[in-house]
Each structure stands twice: as C-alpha cells, then as structure tokens.
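Architecture at a glance
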Amino acid sequence: SELVNMILFLGIVFSMMAISLTAIYGVTDSIAGEKERGTLETILTFPIKSKELITGKYLAITTSCIITSIISSILVVVSITFSKNHYSVFDGAILNLNVTTMLLILLLMISYSFFVSGLCIAIASFTRSYKEAQSALTPVSMMTMIPMMMNVMEISLNTKLSFIPVISHTMLINDIVTLGI
C-alpha cells in the first residue's frame, strides 16, 4: 500500500510537471513568440483593451493546463491500476483511491494550473524574444521538481515550507494520497 501511494504521489507530481511545461510552452509562444513575430502589435491595433488581451491569454493557457491535468490524472490512475493487476510486486497492495480523493487531487491540480499560468505570463511579459522567454521560464519547470526530490530524499516538508506555492500543493497532494481522504 505504501509503494502504491508513493507511485501515485510521484505520478501526480509528474502531472504537475506536465502542467508547468504546458504553461511554459503556451506562454512562450503566445507572449514572447508574438512579440518576436510582430503579431502582438497587430492584435493591439484592434479595439481591444490590454486587460482583455491578457485575460484571454491567461484563460487560454489555464484551459490548456486544466486539460493537461485531467488527461494526466486519468493516465496516472489507469497506469497504476494496470500495473497493480499485472505485476507481482504489487501483490497485496491496496490502491486507496476513491472519487473524493481524485476530486481533491484534481482540484489542487486545477488551482496549480491557475497559479503557474499567471506566473509564466508575468515572467514572459518582461522578455523580448522566444529564446529569452525560454531561458527565463526554465526555473519554473525546475521548481516543480524540488518538492518531489525533497520527498524522495525524505527531507521533512514542514509548515514553514508550506508558504511556498509549489511545495504547499505537493504537501497537500501527499497528505491526500497518504491518508486516502
């Protein structure tokens, strides 16, 4: 049961990494790529307010991240269920996963989608080129690995660290998976 919970946790953290990459690639092209190609200036000539343009880009990126989170959650559950039924290492292991647990995890991943989309847009808005945006957004992709590595190395994730957004999401997901809420 502990093995299944750890694999489930790692699968969800990898899903969070996929959400981050979805946001990074979407923002890089829709903000920095449009600046570099000159299409952003063309869009700004239309009778649209800057706030509406930014909100539209934010919602588009967030929607793609939410779709990524739904697909990756389904893949995690299917692959763990398949592995549990076909590999002897999982004999006797209990998959403590119910609808409430999955909905809580999905809700956390959706909130993470909103967070990472806004963060990536804020960072990319200060860049001038596609390559510069990629360089500036690389730490965002790296930051999703930190909580996973801390958990794998058994470093205590305490309440002081819970004020860091990515770590707090990871701590909540770990608690949900471990306790089987």
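Residues numbered from 1 in each chain as written. Predicted model: local features only at pLDDT ≥ 70, side-chain atom pairs only at ≥ 80, totals over all residues. Heavy atoms only, no water.

A word on the nonpolar core
Note that soluble globular proteins tend to have their nonpolar side chains buried in a common cluster. Grouped together as the largest cluster of nonpolar side chains are 34 residues, with contacts concentrated most on Ile12, Val27, Val116, Cys120, Leu137 and Ile173. When contributions to this core are tallied by element, the ones reaching two or more residues are α1 (2-37), α3 (50-86), α4 (99-124), α5 (130-143) and α7 (165-179). When residues of this core are assigned to their parent elements, the largest contribution, 13 residues, is made by α1. For Ile12, the contacting residues outside a window of four places in its chain are Val76, Ile105, Met109, Ile173 and Val177. (Core = buried A, V, L, I, M, F, W, Y, C linked by side-chain atoms within 4.5 Å. Buried < 20%, exposed > 50% of the residue type's maximum accessible area, 1.4 Å probe, protein only. Helix = DSSP H or I, 4+ residues; strand = E, 2+ residues; numbered from the N terminus. Contact = heavy atoms within 4.5 Å.)

Remarks on the packing of aromatic side chains
Within this structure, the stated rule accounts for 2 aromatic pairs. Relative to Phe114, the ring of Tyr58 has its centre 6.2 Å away and its plane inclined at 45°; by these criteria the two rings are tilted. Of this pair, Tyr58 sits in helix α3 while Phe114 sits in helix α4, and the two are 56 residues apart along the sequence. When its relative accessible area of 35% is taken as the criterion, Phe114 is described as partly exposed. For the pair Tyr112 and Phe115, a centre-to-centre distance of 6.3 Å together with 45° between the ring planes defines the contact as tilted. Here Phe115 and Tyr112 lie together in helix α4, a separation of 3 residues that amounts to about one turn. Judged by relative accessible area, which is 0%, Tyr112 ranks as buried. The exposure class assigned to Phe115 is partly exposed, which follows from its relative accessible area of 28%. (Phe/Tyr/Trp six-rings, centres within 6.5 Å; stacked < 30°, edge-to-face > 60°.)

Here's the deal with the packing of α1 against α4
Axis separation between α1 and α4 bottoms out at 9 Å; the angle between their running directions is 30°. When the axes of α1 and α4 are compared, the pair comes out roughly parallel. For the pair α1 and α4, the crossing hand works out as right-handed. Mapping the contact onto sequence places Ile12, Ser15, Met16, Ile19, Ser20, Ala23, Ile24, Val27, Ile31 and Lys35 in α1 and Ile105, Met109, Tyr112, Ser113, Val116, Ser117, Cys120, Ile121 and Ala124 in α4. Grouping the amino acids of the contact of α1 with α4 by side-chain chemistry returns 14 nonpolar, 4 polar and 1 charged. (Axes fitted to C-alpha atoms, helices over the stretch in contact; angles between N-to-C directions. Parallel < 35°, antiparallel > 145°, perpendicular 65-115°, else oblique. Left-handed = near helix turned anticlockwise from the far one by under 90°. Nonpolar A, V, L, I, M, F, W, Y, C, P; charged D, E, K, R; others polar.)

Observations regarding a nonpolar patch on the surface
A contiguous nonpolar surface patch, about 560 Å² in accessible area, is contributed by Leu3, Met6, Ile7, Phe82, Tyr87 and Val89. The element best represented in the nonpolar patch is α1, accounting for 3 residues. Tracing the sequence through the fold places Phe82 in helix α3. (Patch = residues over 30% accessible without salt bridge, like charges linked within 9 Å, V, L, I, M, F, W, Y side chains within 5 Å. Areas by Shrake-Rupley, 256 points an atom, 1.4 Å probe, with all protein chains shown as cover. Salt bridge = Lys/Arg side-chain N within 4 Å of Asp/Glu carboxyl O.)

Thoughts on the environment of Ala124
With respect to the helices, strands and loops of the structure, Ala124 is situated in helix α4. Using a relative accessible area of 0% as the deciding quantity, one classes Ala124 as buried. Along the primary structure Ala124 and Met143 are separated by 19 residues, whereas in three dimensions their C-alpha atoms are 16 Å apart. If we skip the residues at most four places from it in the chain, Ala124 touches Val27, Ile31, Lys35 and Leu137.

Here's the deal with the pattern of salt bridges
Here the idea is simple: oppositely charged side chains can pair when their charged atoms come close. Under the criterion given, the structure shown has 2 salt bridges. Salt-bridge contacts for Arg37 lead to Asp29; the nearest nitrogen and oxygen are separated by 3.2 Å. Judged by relative accessible area, Asp29 falls into the partly exposed class, the value being 35%. One salt bridge in this structure joins Glu34 and Lys57, with 2.9 Å as the shortest N-O distance.

Describing the layout of surface pockets
Rolled over the atoms, a probe sized like a water molecule indicates the empty space that remains. When its volume is computed, the second largest pocket comes out at roughly 170 Å³. Taken together, Ser30, Ile31, Lys35, Leu40, Leu44, Ser50, Leu53, Ile54, Lys57, Ile121 and Ser125 form the lining of the second largest pocket. Elements supplying a minimum of two residues to the lining of the second largest pocket: α1, α2 (39-44) and α3. (1 Å grid on protein atoms, 1.4 Å probe; cavity = no way out; pocket = protein on both sides within 12 Å on 5 of 7 lines; lining within 4 Å. Points joined across faces, edges and corners; volume = space filled by probe spheres on them.)

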